[in-house]
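Here are the chains, one letter per residue:
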Amino acid sequence: MFTLELFIKIAILFSVQKVESFIQDPNLPENHLSLFYNTFPEEKVNCLKEQSCKNGDFVKSNQYDPEACWGFESDCKRENAFQIPKCDRGSERNEDPVKVFYNQADFGYVKTQIEELETYCYPKTINDSSLECSKYLRYCRGKKIMIDFINLLKLKEPIRYNMDVLKKGQIGGHCELKESELKKAVDHMGALQSWAPELRFFEGKPNVIDEHSCDIVIKEPTFIMKIDATYNMYHHFCDFFNLYISMFLNQSQSDAFENNRRILIWESYNYDSPFADTFKAFTQKPVWTLNSFKGKKVCFENVVMPLLPRLIFGLYYNTPLISGCKESGMFRAFSEFVLHRLEIPKHEHKLPKIRVTILIRRTKYRQILNADELLNELYSNENYEVRAVSFERYVKRY
Ligand SMILES: *[C@@H]1O[C@H](CO)[C@@H](O)[C@H](O)[C@H]1NC(C)=O
Ligand SMILES: *[C@@H]1O[C@H](CO)[C@@H](O)[C@H](O)[C@H]1NC(C)=O
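These numbers come from a predicted model, not from an experiment. (Residues numbered from 1 in each chain as written. Chains lettered and ligands numbered in written order. Predicted model: local features only at pLDDT ≥ 70, side-chain atom pairs only at ≥ 80, totals over all residues. Heavy atoms only, no water.)

Student: Any chance you could explain the site of ligand 2 here in plain terms?
Tutor: Close to ligand 2 lie Pro221, Thr222, Phe223, Asn250, Ser252, Gln253, Arg261, Asn302 and Val304, which account for all nearby residues. In the environment of ligand 2, an oxygen atom lies 3.5 Å from a nitrogen or oxygen atom belonging to the side chain of glutamine 253. Compared with its free state, where it exposes 360 Å², ligand 2 has 91% of that area covered by protein. Those elements that provide at least two residues to the shell around ligand 2 are β9 (222-225) and β12 (297-305). (Near = heavy atom within 4 Å. Polar contact = N/O pair within 3.5 Å; in protein donor to acceptor, adjacent residues only side chain to side chain. Areas by Shrake-Rupley, 256 points an atom, 1.4 Å probe, with all protein chains shown as cover. Helix = DSSP H or I, 4+ residues; strand = E, 2+ residues; numbered from the N terminus.)

Student: What's the story with the state of the cysteines in this structure? I'm lost.
Tutor: Here, the word disulfide means a covalent bond between the sulfur atoms of two cysteines. Using the criterion set out here, one finds 6 disulfides in the structure. Covalently, cysteine 121 is tied to cysteine 175 through a disulfide, its sulfur atoms 1.9 Å apart. One disulfide, between cysteine 121 and cysteine 175, carries an S-S torsion of -110 degrees and so falls in the left-handed class. Of the two residues, cysteine 121 sits in strand β2 (residues 118-122) while cysteine 175 sits in the loop between β5 (171-173) and β6 (176-177), which places them 54 residues apart along the sequence. Of the two residues, cysteine 121 and cysteine 175, neither departs from the other in class, the shared state being buried. Each sulfur in the disulfide pair cysteine 133 and cysteine 140 lies 2.2 Å from the other. What sets the handedness of the cysteine 133 and cysteine 140 disulfide is the S-S torsion sign, and at about 110 degrees it is right-handed. (Disulfide = S-S within 2.5 Å. Buried < 20%, exposed > 50% of the residue type's maximum accessible area, 1.4 Å probe, protein only.)

Student: Got a minute to help me understand helix α3 (residues 41-49) in this structure?
Tutor: Three- or four-residue spacings in an α-helix give side chains the same orientation, since the helix completes a turn every 3.6 residues. Turning to α3, its buried residues are Glu43, Asn46 and Cys47. For α3, the buried positions fall inside an angular range of 100 degrees around the axis, keeping them on one side. Considering only its buried residues, α3 is in contact with α2 (30-39) and α4 (56-60). (Arc of directions from axis to C-beta. Contact = heavy atoms within 4.5 Å.)

Student: Can you help me understand the pairing of strand β10 (residues 262-265) in this one?
Tutor: The two faces of a sheet get side chains in turn, since along a regular strand they alternate between them. Burial along β10 is two-sided: the face carrying Arg262 and Leu264 and the face carrying Ile263 and Ile265 are both buried. Bridge analysis of β9 against β10 gives 4 bridges, and the strand direction is parallel. Bridged to isoleucine 224 within β10 is leucine 264. In terms of strand pairing, β10 meets strand β11 (residues 288-289) through 2 bridges, oriented parallel. Its bridge partner lying in β11, leucine 264 is registered against tryptophan 288. (Pairing = 2+ DSSP bridges.)

Student: In this structure, what is going on with empty space enclosed by the protein? I would like to understand it.
Tutor: The probe, sized like a water molecule, is rolled over the atoms to show the empty space still left. Here the structure, examined in full by the defined rule, presents 3 cavities of 30 Å³ or more. Elements represented by at least two residues in the lining of the largest cavity include exactly α2 and α9 (233-249). In terms of residue count, α2 provides more of the lining of the largest cavity than any other element does, 4 residues in total. Taken together, the residues that form the lining of the largest cavity break down as 8 nonpolar, 3 polar and no charged. (1 Å grid on protein atoms, 1.4 Å probe; cavity = no way out; pocket = protein on both sides within 12 Å on 5 of 7 lines; lining within 4 Å. Points joined across faces, edges and corners; volume = space filled by probe spheres on them. Nonpolar A, V, L, I, M, F, W, Y, C, P; charged D, E, K, R; others polar.)

Student: Would you mind showing me how to read the packing of aromatic side chains here?
Tutor: To describe a pair of aromatic rings, you give the distance between the ring centres and the angle between the ring planes. Per the stated rule, a full pass over the model turns up 31 aromatic pairs. Seen in terms of ring centroids, phenylalanine 36 and tyrosine 37 are 5.1 Å apart; in terms of plane orientation they differ by 80 degrees. Their pairing is edge-to-face. Since its relative accessible area comes to 4%, phenylalanine 36 is described here as buried. Of the residues examined, tyrosine 37 reaches a relative accessible area of 1% and is grouped as buried. On the basis of an interplanar angle of 80 degrees and a centroid distance of 5.1 Å, the ring pair of tryptophan 70 and phenylalanine 248 is categorised as edge-to-face. Taken together, the residues tryptophan 70 in the loop between α4 and β1 (86-87) and phenylalanine 248 in helix α9 connect sequence positions 178 residues apart. (Phe/Tyr/Trp six-rings, centres within 6.5 Å; stacked < 30°, edge-to-face > 60°.)

Student: Help me understand the packing of α2 against α3, please; the structure alone is not making it clear to me.
Tutor: For any two helices packed against each other, one specifies the inter-axial angle together with the distance between the axes. As a packed pair, α2 and α3 sit with axes 4 Å apart at the nearest point and diverge in direction by 105 degrees. It follows from the interaxial angle that α2 and α3 lie roughly perpendicular. Residue-level contacts link Phe36, Tyr37, Asn38 and Thr39 of α2 to Pro41, Glu43, Lys44 and Cys47 of α3. Here the contact of α2 with α3 is composed, by residue class, of 4 nonpolar, 2 polar and 2 charged. (Axes fitted to C-alpha atoms, helices over the stretch in contact; angles between N-to-C directions. Parallel < 35°, antiparallel > 145°, perpendicular 65-115°, else oblique.)

Student: I'm lost on the side chain of serine 268 in this one. Help?
Tutor: With respect to the element layout, serine 268 can be found in the loop between β10 and β11. Within the structure, the side chain of serine 268 is placed 2.7 Å from the backbone nitrogen of isoleucine 159, a separation counted as a polar contact. Once residues within four sequence positions are removed from consideration, serine 268 is found in contact with Pro158, Ile159, Leu290 and Asn291.

Student: Is there a simple way to think about unusual backbone geometry in this case?
Tutor: Peptide bonds are mostly trans, and most non-glycine residues show a negative phi. Cis rather than trans, the peptide bond between leucine 315 and tyrosine 316 has omega equal to -10 degrees. The backbone of glutamate 343 sits at a positive phi, close to 55 degrees, despite the residue not being glycine. Relative to the helices and strands, glutamate 343 is located in the loop between α10 (329-341) and β14 (354-360). Look at glutamate 343 and you get exposed, because its relative accessible area is 68%.

Dropping the structure here:
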């Protein structure tokens, strides 16, 4: 049997070997590399020194822009930002619409999250735990966090969107806990709205969290994810998108974008999705679910609870957007990142007409009500070659 313990031992062995080569290969699209090396100047120094650095030529070339920045950094000048969105007209509210849009749907959103970070669990010594979160516990990161999955043993059915995975004290750390502040932050009480359903039970522990506190110790950095519907491309990409921007929120070390993280999905259904391959842009390792830890006490050395897919005023489910604006650099960066990591080549189209395929559902709900009107309009445009196809999930019949 290939047990979890064995898995973890092998993983540790690998991570020990990795330390020897200190050159980071961030594996990012070329137009993101300047930003990476400007965020981590020591990596640029290493890359210039070491023959083995894949991006050596880039760093020496005039492609490399020493001023470039994403836009959320405190010293990022507007003219150096990755991309500035465009707006058609001024807003009624007398605010600069570009600025509003930037904060709603571009790297300004990342900046807000970073500014909101507050520590709820203060480490007093080097071996202590820590926990910090943005407002309403929408994004959190922690060190040496213990989670007890004992309740999962009692479940008769698999769970999803369940807010009672944990009970009081089944999550915690050894630190100075700001209990009343944490209580106040518990407000957005929805499974996919915040980490409040889990962190309301966070407790200060009397002893340091180490290998004696738990059945399993996860040393590898782990993202715990509460995900939306995996069979819907829009919903599942809300998960991937928020995972991507959460990497910016935790990029204090140059390995922030390494694709070797652990991912634990907070459900006890087996993970299944036609879009599952997208996880390969983030990690080469198989994803865990709660089934991996049933009945176990698990210590996470390093854990990130990313932004969730259904935050109130989050991205990008029910996002209130100022009208008339477009071209979010953050969305472009995500798209470029995923295409690059999945090695999806770009084929220039050589056909005389652009092919348009409209997917029409034959399901009971969510049909395109004006499909005929839409299609007629498209058919009448001679630049397009239009097809309407029925698209539904294959249902097995017994
Ligand atoms: C931290 O843990 C290590 C290993 O258990 C121990 O040797 C060290 O004394 C501890 N440091 C503090 C400040 O408690
Ligand atoms: C979060 O940041 C810390 C500190 O830089 C790092 O050690 C850890 O690996 C990161 N966690 C994840 C899940 O990327």
